[in-house]
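Tertiary structure, described
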Amino acid sequence: MADRVTVIGWDGSPLTAAARAALGAATLVAGAAHHLELPEVPAGAERVRLGSAALAARRVAGHRGTAVVLADGDPGFFGVVRTLRAPEFGLEVEVVPAVSSVAAAFARAGMPWDDAHVVVAHPRTLRRAVNVCRAHTKVAVLTSPGAGPAELGLLLEGVHRTFVICEELGTTREQVSVVTSDKAADHTWRDPNVVIVIGGQAATASGGWIAGRDPAAGPRGWTLPADAYGGGLGEGEQEPLRASQLARLGPRLGDLVWDIGCGSGAFAVEAARAGAAVIAVDSDPRACAHTDSTARRHGVQLQIVHGTAPQVLEDLPEPDVVRVGGGGAAVVLAVADRRPQRIVTHAATRDAAERIGRELTEHGYLVECALLQSVGLDTKAWTETERSVAFLLSGVLPTRSA
């Protein structure tokens, strides 16, 4: 095991005295190509090109001597420090930090970033990073090869955003470009880069006490009463059923939710309030307009698609969870063919519920069904005001139950 491991963050500024001292004593230096070319790297030190952080950590752990790892920005923020400290390597490290690439990118853009979400895009996480960009008005994306500005722009089709793309921060080749998301794929971008994704309707401003989205923005409650949506909710949108659907789907940050038959937009808005990206679909243009108005009033981002399911679903990006508010068994089955983690729908009769349940089971879903009956009461006279009955069906795909 290395006698001493120092991790040095580099943001293009001159190295501090502590960083120079650590480098001067190093017998092994790991870093990217531009790090290993720094004049402070000792000529006799072993040099390790930092590609895979795990492979570099293994080399450092097996080294007998003093090791230094160089990394761009703050190495403790989505950086190499986490890998080096993993139990399988057993390394204790000293860290000389630098300005993070995210902080530098927002500084170049002249923007505050305490209200921004920060995500990492690898090929395996790209879709979830895009979903965060769909759902929120300010997101910083730490990209990687194969998951860069072009790929972000292509997957954001149908959603307009502005990209501030910061290439090779801290180097002599640093460049900052501003393009719309639909034009990002028209260019070749240099790694590493940070993409600030901005646009959409701004929600309530942060109260200045928590980074990212303020969870206290907007009214309290997982579901809101009918008067929050101007009344006139459809039978499938009543609060007890809506709350049960939300509970079974569990939409969360990084998810893409389809709300098919969105009606007034009540469910779509509440899924978006949970942090998920939402595509709301309806064949009625009045429902689409109402949903758009509802989303604006509640300060959430929705993509609204006017069209008839199941045909309109063919070109939509892959969902994580889906609510089917209308269209019956044919739409539920078309959704099941896309293999989302979870599906919820409701039926008015037991026969219809049994048919949907059987079809979902044949598609490999674990199915639950509950008969929900709710009775509204006037608490002044304790008399019944409304009654609703529905069969709530939910399907969970065992191989994607996360």
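As a reminder, the structure under discussion sits directly above these lines.
Here goes a summary of the coordinates provided. (Residues numbered from 1 in each chain as written. Predicted model: local features only at pLDDT ≥ 70, side-chain atom pairs only at ≥ 80, totals over all residues. Heavy atoms only, no water.)

Turning our attention to the overall build of the chain. From N to C terminus, the chain includes twelve helices and 17 strands. Referenced to the eigenvectors of the C-alpha coordinate spread, the extents of the chain come out at roughly 85 × 45 × 40 Å. Going through the 402 residues of the chain one by one, you find that 48% of them count as buried. Sequence-distant contacts in the chain: of pairs separated by 6 or more residues, those separated by 24 or more amount to 61%. Accessible surface, the chain as shown: approximately 19,100 Å² in total, 53% of it carbon and sulfur. (Helix = DSSP H or I, 4+ residues; strand = E, 2+ residues; numbered from the N terminus. Buried < 20%, exposed > 50% of the residue type's maximum accessible area, 1.4 Å probe, protein only. Contact = heavy atoms within 4.5 Å. Areas by Shrake-Rupley, 256 points an atom, 1.4 Å probe, with all protein chains shown as cover.)

Another aspect to go through is helix H11 (residues 328-336). Within H11, the full set of buried residues consists of Ala329, Val331, Val332, Leu333, Val335 and Ala336. Next to the buried residues of H11 lie strand E11 (256-260), strand E14 (321-324), strand E15 (342-347) and helix H12 (350-362).

Attention now moves to the sheet that holds strand E1 (residues 4-10). With respect to topology, five strands assemble into an open sheet ordered E3-E2-E4-E1-E5, the strand pairing being parallel. At either margin of the open sheet sits one strand with a lone partner, and together these are strand E3 (46-49) and strand E5 (93-96). Adjacent strand axes in the sheet meet at a mean angle of 20° when their direction is disregarded. Relative to the sheet, helix H1 (residues 17-24) contacts E1, strand E2 (28-31), strand E4 (66-72) and E5, its axis offset from that of E1 by approximately 135°. (Pairing = 2+ DSSP bridges. Axes fitted to C-alpha atoms, helices over the stretch in contact; angles between N-to-C directions.)

Turning next to the environment of Leu91. On the secondary structure map, Leu91 appears in the loop between helix H4 (80-84) and E5. For the pair Leu91 and Val159, spaced 68 residues apart in the sequence, the C-alpha separation amounts to 44 Å.

As a further point, take the packing of aromatic side chains. In this structure the tally under the stated criterion is two aromatic pairs. Ring geometry for Phe77 versus Phe78: centroids 5.0 Å apart, planes at 70°, classification edge-to-face. Taken together, a centroid distance of 5.9 Å and an interplanar angle of 10° make the contact between Phe106 and Trp113 stacked. (Phe/Tyr/Trp six-rings, centres within 6.5 Å; stacked < 30°, edge-to-face > 60°.)

Joining two cysteines, a disulfide is a covalent bond between their sulfur atoms. One pass over the structure, following the stated rule, counts zero disulfides. As a non-bridged cysteine, Cys133 has Cys166 as the owner of its nearest cysteine sulfur, 14 Å distant. Judged by relative accessible area, Cys166 falls into the buried class, the value being 1%. (Disulfide = S-S within 2.5 Å.)

Here we take up the sheet that holds E15. Taken in spatial order, the seven strands of this open sheet run E13-E12-E11-E14-E15-E17-E16, and their pairing is mixed. The two strands at the open ends of the sheet, each matched to only one other strand, are strand E13 (303-306) and strand E16 (366-378). Adjacent strand axes in the sheet meet at a mean angle of 20° when their direction is disregarded. Looking at chain direction, E11 and strand E12 (residues 277-282) are connected through five bridges and run parallel. By the bridge assignment for E12, Trp258 is matched with Ile279. The sheet strands contacting helix H10 (residues 285-298) are E12 and E13, and the helix crosses E13 at an angle near 170°.

A few words now on the nonpolar core. Counting 28 residues, the largest nonpolar core has Trp258, Ile260, Leu313, Val324 and Val335 as its most contacted members. Contributing elements (two or more residues each) for this core: E11, E12, E14, H11, E15, H12 and strand E17 (383-396). If near-sequence neighbours (up to four positions away) are discounted, Leu313 is found in contact with Trp258, Ile260, Val331, Val335 and Arg338. (Core = buried A, V, L, I, M, F, W, Y, C linked by side-chain atoms within 4.5 Å.)

Moving on, we get to a nonpolar patch on the surface. A cluster of nonpolar side chains, namely Val375, Leu377 and Trp382, defines an oily patch on the protein surface of about 320 Å² accessible area. Locating Val375 in the fold gives a position in strand E16. Since its relative accessible area comes to 36%, Val375 is described here as partly exposed. (Patch = residues over 30% accessible without salt bridge, like charges linked within 9 Å, V, L, I, M, F, W, Y side chains within 5 Å. Salt bridge = Lys/Arg side-chain N within 4 Å of Asp/Glu carboxyl O.)

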